[in-house]
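Here is how the chains run, residue by residue.
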Amino acid sequence: MRPERGEVLHFSEDPTIECFVPHVAVTAAQREPYVWAVGPERCPDYWFPRDCPRAMAWAGPDTTDEDAARIIGSGCGERVHAIEYGWLKALMDVRLYAYRLPADEFEPIGDPPHAVVSRVPVTPLGPPEPVPDLFGLHEEAGIQLRVLNSLWPFWNEVTASTLEFSGIRLRNARR
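What you see is a predicted model; the values in this text were computed from it and never measured.

### Details of the overall build of the chain
(1) Moving on: Within the chain one finds four helices and 10 strands.
(2) Moving on: In sequence order, the secondary structure elements of the chain are arranged as β-β-β-α-β-α-β-β-β-β-α-β-α-β.
(3) Moving on: Looking at the 175 residues of the chain, the share that counts as buried comes to 44%.
(4) Moving on: Pairs at least 24 residues apart make up 78% of the contacts formed inside the chain by residues separated by at least 6 positions.
(5) Moving on: Of the roughly 9,500 Å² of accessible surface on the chain, 52% is carried by carbon and sulfur atoms.
(6) Moving on: Both charge centroids of the chain, one from 17 positive and one from 26 negative side chains, sit 6 Å from each other.

### Observations concerning the sheet that holds strand β5 (residues 97-102)
(1) Moving on: A sheet is described by the order of its strands in space; here three strands give the open sequence β1-β5-β8, paired in antiparallel fashion. Two strands close off the open sheet at either side, each with one partner strand: β1 (7-12) and β8 (129-130).

### Focus on the nonpolar core
(1) Moving on: Of all hydrophobic cores here, the largest spans 21 residues; its most connected members are Met1, Phe11, Trp47, Val131 and Leu134.
(2) Moving on: When residues of this core are traced back to their parent elements, those giving at least two are β1, β7 (113-118) and α3 (134-141).
(3) Moving on: Excluding its chain neighbours within four sequence positions, the residues that come into contact with leucine 134 are Trp47, Phe48, Leu91, Val94 and Leu96.
(4) Moving on: Among the nonpolar cores identified, the runner-up in size contains 14 residues, and Ala55, Ala57, Val80 and Val158 belong to it.

### So, the sheet that holds β7
Hydrogen bonds along the backbone pair up the strands of a sheet, which may run parallel or antiparallel.
(1) Moving on: Strand order across the open sheet formed by three strands is β2-β7-β6, with antiparallel pairing between neighbours. Among the strands making up the open sheet, the edge pair consists of β2 (35-37) and β6 (107-110). Going across the sheet, the axis of each strand differs from the next one's by a mean of 45°, ignoring polarity.
(2) Moving on: Here β2 runs beside β7; their pairing, made up of three bridges, is antiparallel. Bridged to alanine 37 within β7 is valine 116.

### Some points on the environment of glutamate 32
(1) Moving on: The residue glutamate 32 is located in the loop between β1 and β2 in this model.
(2) Moving on: Separated by 99 residues in the primary sequence, glutamate 32 and valine 131 place their C-alpha atoms 29 Å from one another.
(3) Moving on: With near-sequence residues (within four places) excluded, glutamate 32 lies in contact with His23, Val24 and Arg119.
(4) Moving on: Polar contacts involving the side chain of glutamate 32 include one to the side chain of tyrosine 34, which spans 3.3 Å.
(5) Moving on: Reaching out from glutamate 32, the side chain makes a polar contact with the side chain of arginine 119 at a distance of 2.5 Å.

### Quick notes on the layout of surface pockets
(1) Moving on: Counted as a void, the largest pocket has a volume near 1,000 Å³.
(2) Moving on: Together, 37 residues line the largest pocket, and Thr27, Trp36, Tyr46, Arg50 and Arg169 are the ones closest to its centre.
(3) Moving on: Those elements that provide at least two residues to the lining of the largest pocket are β1, β2, β7 and β10 (164-168).
(4) Moving on: Counting residues per element, the lining of the largest pocket draws most heavily on β1, which supplies four residues.

How each quantity is defined
- Residues numbered from 1 in each chain as written.
- Predicted model: local features only at pLDDT ≥ 70, side-chain atom pairs only at ≥ 80, totals over all residues.
- Heavy atoms only, no water.
- Helix = DSSP H or I, 4+ residues; strand = E, 2+ residues; numbered from the N terminus.
- Buried < 20%, exposed > 50% of the residue type's maximum accessible area, 1.4 Å probe, protein only.
- Contact = heavy atoms within 4.5 Å.
- Areas by Shrake-Rupley, 256 points an atom, 1.4 Å probe, with all protein chains shown as cover.
- Lys, Arg positive; Asp, Glu negative; His and termini not counted.
- Charge placed at Lys NZ, Arg CZ, Asp CG, Glu CD.
- Pairing = 2+ DSSP bridges.
- Core = buried A, V, L, I, M, F, W, Y, C linked by side-chain atoms within 4.5 Å.
- Axes fitted to C-alpha atoms, helices over the stretch in contact; angles between N-to-C directions.
- Polar contact = N/O pair within 3.5 Å; in protein donor to acceptor, adjacent residues only side chain to side chain.
- 1 Å grid on protein atoms, 1.4 Å probe; cavity = no way out; pocket = protein on both sides within 12 Å on 5 of 7 lines; lining within 4 Å.
- Points joined across faces, edges and corners; volume = space filled by probe spheres on them.

Next up, the structure:
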């Protein structure tokens, strides 16, 4: 599930949102209120239950062949997502929705950009769409999905490598 041209997506477990109002998220590093969304390249980061901790890594222009083979795996594509066993049932059972939002209301945030934000309220372009099988989306996108006892050993290897990476809701991972 990815946005069409001129759109960005916001993923949510709440199918009743009629207008997205800028706010400061409890976990936000920024203190300015935003409406958050993602473009096509970062949508896979959100094919998970909201609170599910996930560690993601992918090959970038500076990734060595050795790091890619060691962490992603030889012949296993260019991207891997990892979750913990304790979140597997939630991943299978979650009812996730995608809201299509007008891209012209948003600007990139981060260096490099990892999302897009709006400083004004944004009305969805239509009703939320149920997100289909999350496992199927990963498979279709060629993204490995790993299930681990703990994310931390994997995360430590990824962050010390030449791979590009993102971690979301890691505070919810097992210690």
